Amino acid sequence: MIKFKNLNNKCTDACCSGISIHEAEEAKQEKCRTVSLHVEGMDCADCAAKLESAVKKMAGVAEAKINFTAAKLKVVFDETATDIEQIIKTVAGFGYRAFEKAENAVTSIFRLNGLDCADCAAKLEKRLSSMKGVSSAKVNFSASKMTINHSLNDTDIINAVEQAGYQAVKHGDKAVFTPWWKQPRMLAVAASGIVLAVSMIADKAGLNAVPLYALAMLLGGFHVAKSGFFALRSLTLDMNFLMITAAAGAAAIGEWSEGATVVFLFSFGNALQAYTMDKTRNSIRSLMELAPPEALVRRNGKETRMKVEEILTGDLVIVKPGERIAVDGIVSNGSSSVNQSAITGESMPVDKKTGDQVYAGTVNTHGALEITVTRKAEDSTLAKIMHAVEEAQAQKAPMQQFVDIFARYYTPAVILGAAAIAVFPPLFFGADFSVWFYRALVLLVISCPCALVISTPVSIVSAIGNSSRNGVLIKGGAYMEKLGGIKAFAFDKTGTLTYGKPHVTDVIPFASVTEEKLLIHAAAVEKWSEHPIAKAVTEKASKYGIPAVTGFKAIPGKGAMANLEGAVVYVGNARLFREAGINTEKYEQTVSTLEQQGKTVIFIGTETEIYGIVAVADTLRDNSKQAVEALKKAGVSHIAMLTGDNGRAASAVSSSLNIDGVYSDLLPEDKADAVKKLKASYGSVAMIGDGVNDTPALALADVGIAMGVAGSDTALETADIALMADDLSKLPYVIRLSRKTLAVIKQNITFSIAVKVLFIAGTFFGFVNLWLAVLADTGASILVTLNGMRLIKKI
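Rules and cut-offs
Counting from 1, residues in each chain are numbered in the order their sequence is written. Residue-level local features of this predicted model are given only where pLDDT is at least 70; pairs of side-chain atoms are given and counted only at 80 or more, and the full residue set underlies all totals for whole chains, interfaces and linings. For side-chain calculations, the full set of non-hydrogen atoms in the structure is used, while hydrogens and water are omitted. Working definition: helices are DSSP H or I runs of at least four residues, strands are E runs of at least two. Numbering for both runs from the N terminus. Burial here depends on accessible area, computed with a 1.4 Å probe over protein chains only, as a share of the maximum for the residue type. Under 20% is buried, over 50% is exposed, and the range in between is partly exposed. Should any heavy atoms of two residues lie within 4.5 Å, those residues are considered in contact. We define a salt bridge as a side-chain nitrogen of Lys or Arg found within 4 Å of a carboxyl oxygen belonging to Asp or Glu. The pairing criterion for strands is at least two bridges between them, as found by DSSP. Put simply, buried Ala, Val, Leu, Ile, Met, Phe, Trp, Tyr and Cys residues joined by side-chain atoms within 4.5 Å make one nonpolar core. The directions from the helix axis to the C-beta atoms are what the arc is built from. Only four residue types enter the charge count: Lys and Arg as positive, Asp and Glu as negative, with His and the chain ends excluded. Residues adjacent in sequence count toward polar contacts only when both atoms are side-chain atoms; beyond that, a polar contact is any pair of N or O atoms within 3.5 Å, and within protein one must be able to donate a hydrogen and the other to accept it. Throughout, an axis means a line fitted to C-alpha atoms (over the contacting stretch in the case of helices), and angles, computed between N-to-C directions, take values from 0 to 180 degrees. For this analysis, a ring pair means two rings from Phe, Tyr or Trp (six-membered ring only for Trp) whose centres lie within 6.5 Å, classed as stacked if their planes differ by under 30 degrees, edge-to-face if by over 60, and tilted for the remaining angles. Roughly parallel means an angle under 35 degrees; roughly antiparallel, over 145; roughly perpendicular, 65 to 115; everything else is oblique. Under the convention adopted here, Pro, Cys and the residues Ala, Val, Leu, Ile, Met, Phe, Trp and Tyr are nonpolar, Asp, Glu, Lys and Arg are charged, and Gly plus all remaining residues are polar. Confidence per residue, as judged by the predictor, is encoded in pLDDT with a range of 0 to 100.

**Considerations on the overall build of the chain**
A count of helical and extended segments in the chain gives 27 helices and 30 strands. Counting every position in the chain, which comprises 795 residues, the buried fraction comes to 51%. Sequence-distant contacts, at least 24 apart, represent 66% of the contacts inside the chain between residues at least 6 apart.

Next up, the structure:
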């Protein structure tokens, strides 16, 4: 917007100061530039407003406007007075990062190899983000994956990663990483160890071992120094730089053996830590290898082996006995049993026949199957699980957020402490400089928070990998932590505690209609509904033939209506008819008797009369009772059941399962209110449903758990935790996993901090030397990694 003085109509804009209104637009076009910057880190609207005000006040800025929701900053400025770099610096002064999205930018995903600590991943991310032509870079340390928005060649990105000491392969390309024992870094570590051993033997023999120690430092420290140099160029002090500084300092005061030992132990520890982290990541990557790379496709009457990426929706895939299924689809011909444990966690193969759904990555045990493809390979259930797992690994748990904040202040504080003890004792107390300088070097080594930073993510990655292999998808570490502290569980009834496949038990006409006509009217309306009860009615009436209706409308929590044979027919519960003004009292005795038997009653009629009622009964899942008992044994204080069914039917189910509380006659929004009440009484609540009509309650609960979501995109995306199969026995398992994960994380954090405190104290008293400090630091990192890896095993 161009600004003008009120009196003389002169422009006051930075791009057109002092000129007339007629000249303003032309001047603005010539002198001003408009840019749109993306801003990372804005977490409140008030902060955004303050940033906008500060940018507006910059010399040469004519206009600044922040879109807080979109995290964008639009700036109009005079290029002769300021530039983008100055604007970006101003934004950085507020603690945010601004960047201009590159023209023709693309988003690329790379698989990384060699990342051995979360701090190193953060440094790599910062380095790549600062490259010209890169708009943004995000490194997922847990999944060893990088997402980068850029206008460069992929080769430029790969080279930049390799300069930092790691390997990168474009996602989708065949990942041919060098085996860990052949990698240059590992070979250098081995050579450094051999030379160090020879050096020590020569030293013991009274020979001059300094050249050998220097060679050992050079071999072991080359890659460390290289990474440290690139970190320094990015204006960050990572562990590589600090370790080389400590080794160089040791050499400067004549402690060659200690310097060489420090470099070898640090390099060896990093290599070992990278190896153990890759083993942890492989528990997830193994999922990717479940789906075969190609499949036998019948297209245009010809059978051809094709890569899965080339298979299209609607193609016919032939799967022979013993082969893995390559794509999601529907069985169009044949029958077999399919082992789908990789997707659903079910231990026994599932029988499949024409019309049944099958998933990529599952195994056809016997019998040939012809499958019509319903999803491309990149959209398969397995691919979505992989994506969700990788995203979950990137989500930081509350404990990890605490650790990151602690580490942010810990390292600078220890570095300042190292500088202080190197200077103050000799300067003010006449102490021996070499002694205190050596202790300062020890503190530099101890300043790295590697063990502390890695303690949480390695545990979360291992636990999520464990759960995904057992048919449970946990969407992040935060939900893993929350689940461990859940005090109350709320179960939806239909489709969760029960099979959700009710059958018609009673057909009772009231008016001058036959049972056949009553069923036909009910089925004609219910045919368009997705509710399990509707399916039971339509299945029962299918033998009579179901007529078409018009004007179908679902009435949430009550039933449905449609036009049939010139009349509006209603199908639903008693509330639906009472609200229409029809008296249902004369049918209450019949209804009461049916409901006491655990049956659900639906009324069929018009606005003026009720034709009759149909009773439907559902059956409990075989493991519902055991699951409820196991949750109580696990320490869950309260278990409730939420249902839209009447009170009598709900009570019949709850009493057989020994459930503590029952909420019946609930609409979908009423279920959310019930969850609110449970949260008020018990604090933390988990809600378990099938995701059909309980979405509000799932969203309101501290942890929302959807079950039977294999093949359901919506449930996979919205649930905090997803049970891929209809198996309630997974609930006690995931509770145990969550609690064990929390215990392991606490063990790791406590151990890491205790080691740091112990060695910092020992440094001041001269009990700790350089190589012991390195051994403690890398040893602690390896120990917490191995402890976290225990979660990969069966719980």
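**Observations concerning the pattern of salt bridges**
Pairing is possible between side chains of opposite charge, provided their charged atoms come close. Under the counting rule described, the total for this entry stands at 15 salt bridges. Through salt bridges with shared partners, a single network forms among Arg 298, Glu 303 and Glu 370.

**So, the pairing of strand β1 (residues 32–40)**
Summarising the sheet, β1 and strand β3 (residues 72–78) pair through seven bridges and their orientation is antiparallel. By the bridge assignment for β3, Val 35 is matched with Val 75. Two strands pair when backbone bridges link them, and β1 and strand β4 (residues 97–100) are joined in this way by four bridges, in the antiparallel orientation. Residue pairing in the sheet places His 38 in a bridge with Phe 99 of β4.

**Here we look at the nonpolar core**
If you look at the biggest cluster of nonpolar residues, it comprises 45 residues, and the most contacted ones within it are Met 243, Val 442, Val 445, Leu 770 and Val 774. No other element matches the nine residues that helix α13 (residues 433–446) contributes to this core. Apart from the residues within four sequence positions on either side, Leu 770 is in contact with Ala 246, Ala 250, Glu 258, Val 262, Tyr 438, Leu 441, Val 442 and Val 445.

**Re helix α22 (residues 647–657)**
The periodicity of an α-helix, 3.6 residues per turn, causes residues three or four places apart in sequence to face the same way. Regarding α22, the residues found buried are Ala 649, Ala 650, Val 653, Ser 654 and Leu 657. Buried residues of α22, viewed axially, fall in a sector of 125°; they line one side. The inward-facing, buried residues of α22 abut α16 (493–497), α20 (588–596), α21 (624–633), β26 (638–642) and β27 (661–663). Looking one or two residues beyond α22, the residue adopting positive phi is Asn 658, at roughly 60°.

**Here we look at the side chain of Asp 618**
Residue position: Asp 618 is located in the loop between β25 (610–617) and α21. Comment: no salt bridge for buried Asp 618; closest opposite-charge side chain is Lys 493, at 4.8 Å. Within polar-contact distance, the side chain of Asp 618 engages the side chain of Thr 498 at 2.3 Å. Among residues more than four places away in sequence, those in contact with Asp 618 are Thr 494, Gly 495, Thr 498, Tyr 499, Gly 500, Lys 501 and Pro 502.

**A short note on the sheet that holds strand β16 (residues 363–366)**
One open sheet holds the three strands; their spatial order is β14-β13-β16, and the pairing between them is antiparallel. Each of the sheet's edge strands pairs with one partner strand only, and the pair in question is β14 (350–352) and β16. Taken pair by pair, the neighbouring strands of this sheet meet at an average axis angle of 40°, ignoring direction. Bridge analysis of strand β13 (residues 336–339) against β16 gives three bridges, and the strand direction is antiparallel. Of the residues in β16, the one forming a bridge with Val 338 is Asn 364.

**As for the environment of Phe 603**
Assignment of secondary structure puts Phe 603 in strand β24 (residues 600–605). Excluding residues that lie within four positions of it along the chain, Phe 603 makes contacts with Tyr 570, Val 571, Gly 572, Asn 573, Ala 574, Phe 577, Thr 584, Tyr 587, Val 591, Ile 610, Gly 612 and Ile 613.

**A few points about the packing of aromatic side chains**
Summed over all chains, the structure comprises nine aromatic pairs. Relative to Phe 437, the ring of Phe 433 lies with its centre 5.4 Å away and its plane at 25°, an arrangement referred to as stacked. Note that Phe 433 and Phe 437 are positioned in helix α13 at a spacing of four residues, about one turn of the helix. Judged by its relative accessible area of 23%, Phe 437 is partly exposed. Between the aromatic rings of Tyr 570 and Phe 577, the centroid separation amounts to 6.4 Å while the plane-to-plane angle is 70°, which identifies the pairing as edge-to-face. Joined through ring pairs, the aromatic side chains of Phe 510, Tyr 570, Phe 577, Tyr 587 and Phe 603 make up one cluster.

**Quick notes on the sheet that holds strand β15 (residues 357–358)**
Taken together, the six strands give an open sheet; going across it, the order is β10-β9-β11-β17-β12-β15, and neighbouring strands pair in antiparallel fashion. Because the sheet does not close on itself, it has two edges, and the strands there are β10 (302–307) and β15. Across four bridges, strand β12 (residues 329–333) lies against strand β17 (residues 369–373) in antiparallel orientation. The residue of β17 that forms the bridge with Gly 329 is Val 373.

**With respect to the packing of helix α26 (residues 730–764) against helix α27 (residues 770–789)**
In the contact formed by α26 and α27, the axes pass within 10 Å of each other and the chain directions differ by 175°. Comparing the axis directions of α26 and α27 gives the class roughly antiparallel. Contacts from Val 744, Gln 747, Asn 748, Phe 751, Ser 752, Val 755, Lys 756 and Phe 759 in α26 reach Leu 772, Ala 773, Ala 776, Asp 777, Ala 780, Leu 783, Val 784, Asn 787 and Gly 788 in α27. Considering only residue class, the contact of α26 with α27 consists of ten nonpolar, five polar and two charged.

**Quick look at the confidence of the model for the chain**
Looking at the chain, the pLDDT average stands at 82 and 86% of residues meet or exceed 70. Model confidence for the chain, summarised as mean pLDDT per element, is weakest for helix α1 (residues 21–31) at 50 and strongest for β17 at 95. Within the model, the stretch residues 18–22 combines pLDDT values under 50 with eleven contacts to residues more than four positions away or in other chains.

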